[in-house]
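# Structure at a glance
Here is what each chain is made of, one letter per residue.
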Amino acid sequence: MRLAALALLLALAGCASQPQAPQIIPVEAWGGSPPTAREEPQSISRITLHHQGEIWKEGADPEAYLRRLQQWSRLTKHWADIPYHYVIAPDGRIYAARPLSQAGDTNTEYDPRGHALIMLVGNFEEQQPTPAQLKAAVELTAWLAREHHLGLDAIASHKDYSRQTVCPGKNLYAYLESGWFQAEVGKRLNSTPR
């Protein structure tokens, strides 16, 4: 009887520990449109951080920025969509961009197939990521790592795969280089019972 009760408790604990996605604003909510191009679905094996590479001005509208980025990506670059899967605003809001099932795009030589691409707005060669952006990036990365069964070694940045860029900028890269970012992701992964 005790063993049956223990087994039931363990089963219930396992059900309660399902990872929860952070709040992500869908494409339709920021005024974007789904991609029209169909590409072969990708399997996620890496999580890669990027920065916007442009100075983000206080008070700028992230949703208007995303609409312009989507238009530029499609009309100028002839990509299927925004090159990143998620975009994080300075206030920590996470926006869905390109579908995660579709490989991202890049202006550099690395192959982004298999990468979940997270971009934080701002130029982190000159600006600092906000605490809200860092927290959101950690939470999103931890959720993606759980969802795709990835270890901390799957977390890197654009410049780790390309010699043609300083992305994600020295001020964001410092959090990866020091191990702080991976440690924070690890805390969230370890705090969720399996």
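Residues numbered from 1 in each chain as written. Predicted model: local features only at pLDDT ≥ 70, side-chain atom pairs only at ≥ 80, totals over all residues. Heavy atoms only, no water.

With that settled, consider the pairing of strand E5 (residues 115-120). Burial analysis of E5 places six of its six residues in the buried class, which makes it a mostly covered element. As paired strands, strand E2 (residues 46-51) and E5 are joined by six bridges and run parallel to one another. When the bridges of E5 are listed, His51 appears paired with Leu120. Where strand E3 (residues 86-88) lies against E5, three bridges are found, and the strand directions are parallel. Across the sheet, the residue bridging to Ile88 is Leu120, located in E5. (Buried < 20%, exposed > 50% of the residue type's maximum accessible area, 1.4 Å probe, protein only. Helix = DSSP H or I, 4+ residues; strand = E, 2+ residues; numbered from the N terminus. Pairing = 2+ DSSP bridges.)

In terms of nonpolar packing, the biggest core is built from 29 residues, with Tyr86, Ile88, Ile118, Leu140, Leu144 and Phe181 touching the most fellow members. For this core, the secondary structure elements donating two or more residues are E2, E3, E5, helix H3 (131-147), helix H4 (170-177) and helix H5 (180-190). Residue contributions to this core peak at nine residues, all from H3. Apart from the residues lying within four places of it in its own chain, the contact partners of Ile118 are Ile47, Thr48, Leu49, His50, Tyr86, Ile88, Leu140, Thr141 and Leu144. (Core = buried A, V, L, I, M, F, W, Y, C linked by side-chain atoms within 4.5 Å. Contact = heavy atoms within 4.5 Å.)

Below, the discussion takes up the packing of aromatic side chains. Within this structure, the stated rule accounts for four aromatic pairs. When the ring of Tyr175 is compared with that of Trp180, the centres are 5.1 Å apart and the planes differ by 65°; the resulting orientation is edge-to-face. Among the residues examined, Trp180 registers a relative accessible area of 34% and is labelled partly exposed. (Phe/Tyr/Trp six-rings, centres within 6.5 Å; stacked < 30°, edge-to-face > 60°.)

Time to look at the environment of Gly104. Inspection of the secondary structure assignment puts Gly104 in the loop between strand E4 (94-96) and E5. The exposure class of Gly104 is buried, given its relative accessible area of 8%. C-alpha of Gly104 to C-alpha of Leu117: the two residues are 13 residues apart in sequence and 7.0 Å apart in space. Leaving out residues up to four positions away in the same chain, Gly104 has contacts with Pro83, His85, Arg98, Pro112 and Leu117.

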